[in-house]
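Below are the chains, spelled out letter by letter.
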Amino acid sequence: MTVHFVGAGPGAADLLTLRAVRLLESADVCVYAGTYLDAEVLGHCREGVRFVDTQDLDLDEITAELVGAHHQGLDVVRLCSGDPSVYSAIAEQTRRLDAAGVPWDVTPGVPAYAAAAALVGAELTVPELVQSVVLTRAQARSTAMPEGEELERFAATGATLVLHLAITRTAELAERLTPFYGAECPVVVVYRASQPEQQILRGTLADIGAQVAQAGLRQAAVILVGPALARHGSGESYLYAASRDRSSKRR
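Residues numbered from 1 in each chain as written. Predicted model: local features only at pLDDT ≥ 70, side-chain atom pairs only at ≥ 80, totals over all residues. Heavy atoms only, no water.

### Here's the deal with the domain arrangement of the protein chain
Annotation of the protein chain at the domain level lists domain 1 (3-107) and domain 2 (112-229). Each of domain 1 and domain 2 has a C-alpha centre, and these two points are 28 Å apart. Contact residues are listed per partner, giving 11 residues for domain 1 and 13 residues for domain 2. Taking both sides of the interface into account, the surface hidden between domain 1 and domain 2 amounts to around 900 Å²; carbon and sulfur atoms contribute 59%. (Domains from an automatic or database assignment. Contact = heavy atoms within 4.5 Å. Buried area = accessible area lost by both parts, 1.4 Å probe.)

### A closer look at the sheet that holds strand S1 (residues 3-7)
With parallel pairing, 5 strands are arranged side by side in an open sheet as S3-S2-S4-S1-S5. Each edge of the open sheet carries a strand with a single partner, namely strand S3 (50-53) and strand S5 (104-107). Going from strand to strand, the sheet's axes swing by 20° on average, the running direction of each strand aside. Examined bridge by bridge, strand S2 (residues 29-32) and S3 share 4 bridges and lie parallel to one another. Bridge pairing in S3 places Cys-30 opposite Phe-51. Across the sheet, helix H2 (residues 59-71) is in contact with S1, S2, S3 and strand S4 (76-80); its angle to S4 comes to roughly 150°. Lying over the sheet, helix H3 (residues 90-100) contacts S1, S4 and S5, oriented at roughly 170° with respect to S1. (Pairing = 2+ DSSP bridges. Helix = DSSP H or I, 4+ residues; strand = E, 2+ residues; numbered from the N terminus. Axes fitted to C-alpha atoms, helices over the stretch in contact; angles between N-to-C directions.)

### Some points on the side chain of Asp-83
Position of Asp-83 relative to the elements: it lies in the loop between S4 and H3. Buried charge without a partner: Asp-83 forms no salt bridge, and the closest opposite charge is Arg-19, 10 Å away. Of the polar contacts made by the side chain of Asp-83, one reaches the backbone nitrogen of Gly-109; its length is 2.8 Å. Excluding residues within four positions of it along the chain, Asp-83 makes contact with Ser-88, Pro-108, Gly-109, Val-110 and Pro-111. (Buried < 20%, exposed > 50% of the residue type's maximum accessible area, 1.4 Å probe, protein only. Lys, Arg positive; Asp, Glu negative; His and termini not counted. Salt bridge = Lys/Arg side-chain N within 4 Å of Asp/Glu carboxyl O. Polar contact = N/O pair within 3.5 Å; in protein donor to acceptor, adjacent residues only side chain to side chain.)

### A few points about the sheet that holds strand S8 (residues 186-191)
Taken in spatial order, the 5 strands of this open sheet run S6-S7-S10-S8-S9, and their pairing is mixed. Unpaired on one side and paired on the other, strand S6 (133-137) and strand S9 (199-204) mark the two borders of the sheet. Taking the axes of each pair of neighbouring strands and ignoring which way they run, one obtains an average angle of 20° across the sheet. Direction of pairing for strand S7 (residues 160-164) relative to strand S10 (residues 221-225): antiparallel, over a ladder of 3 bridges. Bridging from a neighbouring strand, Leu-163 pairs with Ile-223 of S10. Along the sheet face, helix H4 (residues 112-119) touches S6, S7, S8, S9 and S10 and points at about 65° away from the line of S10. Contacting S7 and S10, helix H6 (residues 170-181) runs over the sheet at an angle of about 165° to S7.

### Re H6
Among all positions of H6, only Thr-170, Leu-173, Ala-174, Leu-177 and Tyr-181 are buried. Taken around the axis of H6, the buried residues stretch over an arc of 100°, which confines them to a single face. For H6, the exposed residues set more than 90 degrees away from the buried face come down to Glu-175 and Pro-179. Looking at the buried side of H6, the elements it contacts are helix H5 (151-155), S7, helix H7 (208-215) and S10. (Arc of directions from axis to C-beta.)

This is the structure in structure tokens:
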């Protein structure tokens, strides 16, 4: 049998892919992180499925659940919040599954930053203003950041920044970013995007720290920083420009 790593999206039960829903409907075991997942997502599972909440389990205990289910001939869905390609810990999980001879595959999901941008109607890459997006995180009680990945290095590019696992340090990070973007640079914080508890805070680097503190946000939030969030700019994409030569496409 196969272990399916499935992106659960930002939380809403209707933001899963069709493939993700099919896998949930046929799963014998569903392993999920209860801290970040909206319970309605689990409603896609059939009656009788065995649920395993990993919020109190370590990596070895999670791996034991996956390997054990495989040896019992059971199909397993390992739900990852957002998309498995970002901060999902599938690298270490799949490494252990390979060592145990357990097959696995990955189904992508809607990442939290994409859901956050959609909620505020933002394009993170505005022509002639910013054309790059940096996904990164803050370091506190977490794995050390690799050398060269300091926040200031990314800020110096002027790219739109997407900060994960950083909500408890919002004020400090805003202060570090201000020399690069300016105090009036727009910031959007989205807590539990697409879930019933969803909150959206809009501000600038000058005031977003105070807003987050007043709201009491401590987890499950993504921070978007950059001029693209201001919804301005005169640049337009060359792809759709009237001046672009499209004659070769018409032949």
